[in-house]
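# Reading the structure
Below, each chain spelled out in residue letters.
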Amino acid sequence: QAQLVESGGGLVQAGGSLRLSCAASGRTFSSYTMGWFRQAPGKERELVAAITKIRTTLYADSVKGRFTISRDNAKNTVYLQMNSLKPEDTAVYYCAAEDGLITRMTTSWDSWGQGTQVTVSS
């Protein structure tokens, strides 16, 4: 399993931007499918965006056109660029890794980071 450490969360006004980073340990980072999930208070954890080893991407409908996931295999890092943020984007954002195809099922992901808080004020 990979060790994942997120960074980049914070407080931002609606309409602003943040970039989350997730640094992964391990020599096989390039073979992982990487994902960003989020969990708001009282809600289930949901997949926000994911990227496969061949850079196929998937986005939740609620973030399409606003968020962009990318990866830098040389740095063992995956990013989530978040633009035009809305108060409903407020949540704890988690980085995750798995060695298969993209799935929305949280139980299918092998490794998780500790999470980073994103708060969007109106």
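Right above here is the structure, for reference.
First, a word on scope: everything that follows refers to the structure included in this document.

### What to know about the sheet that holds strand β1 (residues 4–7)
In space, the four strands of this open sheet follow the order β1-β3-β8-β7, with antiparallel pairing throughout. The open sheet has two edge strands, β1 and β7 (67–72), and neither has a second partner. The mean angle between the axes of side-by-side strands here comes to 15 degrees, regardless of whether they run parallel or antiparallel. Here four bridges tie β1 to strand β3 (residues 18–24), and the two strands are oriented antiparallel to one another. If you follow glutamate 6 over to β3, its bridge partner there is cysteine 22.

### Focus: the state of the cysteines
Overall, the coordinates contain one disulfide when judged by the stated rule. Paired by a disulfide, cysteine 22 and cysteine 95 hold their sulfur atoms 2.1 Å apart. Given an S-S torsion of about -80 degrees, the disulfide between cysteine 22 and cysteine 95 has left-handed geometry. In this pair, cysteine 22 sits in strand β3 while cysteine 95 sits in strand β9 (residues 91–98), placing the two residues 73 residues apart along the sequence. A relative accessible area of 0% places cysteine 95 in the buried class.

### What about the pattern of salt bridges?
As enumerated under the stated definition, the model contains four salt bridges in all. A salt bridge links glutamate 46 to arginine 38; the shortest N-O distance between them is 2.7 Å. A single network of salt bridges, built from pairs that share partners, joins Arg38, Glu46, Arg66 and Asp89.

### Focus: the nonpolar core
Soluble globular proteins tend to pack their nonpolar side chains together in the buried interior. Residues Met34, Trp36, Val78, Leu80, Met82 and Tyr93 are the most contacted members of the largest nonpolar core, which totals 30 residues. Where this core is concerned, the elements lending two or more residues are β3, β4 (33–39), β5 (46–51), β7, β8 (77–82), β9 and β11 (116–121). Counting residues in each nonpolar core, the second largest holds six residues, with Phe37, Leu47, Tyr94 and Ala96 among its members.

### Observations regarding the environment of isoleucine 54
As for its position among the elements, isoleucine 54 is in the loop between β5 and β6 (57–59). Linking isoleucine 54 and serine 70, residues 16 residues apart in sequence, is a C-alpha distance of 11 Å.

### As for the environment of asparagine 83
Within the secondary structure layout, asparagine 83 lies in the loop between β8 and β9. A C-alpha to C-alpha distance of 22 Å links asparagine 83 and proline 41, two positions 42 residues apart in sequence. Excluding residues that lie within four positions of it along the chain, asparagine 83 makes contacts with Gly16, Ser17, Arg66 and Phe67. Polar contacts involving the side chain of asparagine 83 include one to the side chain of glutamine 81, which spans 2.9 Å.

Thresholds applied
Throughout this description, residue numbers start from 1 for each chain and increase along the sequence as written. Per-residue local features are limited, in this predicted model, to residues with pLDDT of at least 70; the limit for side-chain atom pairs, both in listing and counting, is 80 or more; totals at the level of whole chains, interfaces and linings are taken over all residues. Each side-chain value is derived from all of the structure's non-hydrogen atoms; neither hydrogens nor water enter the calculation. Strands qualify as paired when DSSP identifies two bridges or more between them. By definition, any uninterrupted DSSP run of H or I lasting at least four residues is a helix, any uninterrupted run of E lasting at least two residues is a strand, and each is numbered from the N terminus. For every element, the axis is a line fit to its C-alpha atoms; helices are fit only across the contacting stretch, and the angle between N-to-C directions ranges from 0 to 180 degrees. Cysteine sulfur pairs qualify as disulfides if the two atoms are within 2.5 Å. Per-residue accessibility, obtained with a 1.4 Å probe over protein chains only, is compared with the maximum for each type, and a residue is labelled buried under 20%, exposed over 50%, and partly exposed between these values. Should a side-chain nitrogen of Lys or Arg be within 4 Å of a carboxyl oxygen of Asp or Glu, the pair is scored as a salt bridge. For the purposes of this section, nonpolar cores are sets of buried Ala, Val, Leu, Ile, Met, Phe, Trp, Tyr and Cys residues that join through side-chain atoms within 4.5 Å. When checking whether two residues touch, look at their non-hydrogen atoms; a contact exists if any pair is within 4.5 Å. By the criterion applied in these results, polar contacts are pairs of N or O atoms within 3.5 Å in which, for protein atoms, one can donate a hydrogen and the other can accept it, and in which residues neighboring in sequence qualify only through two side-chain atoms.

Distances and angles like these do not, on their own, reveal function.
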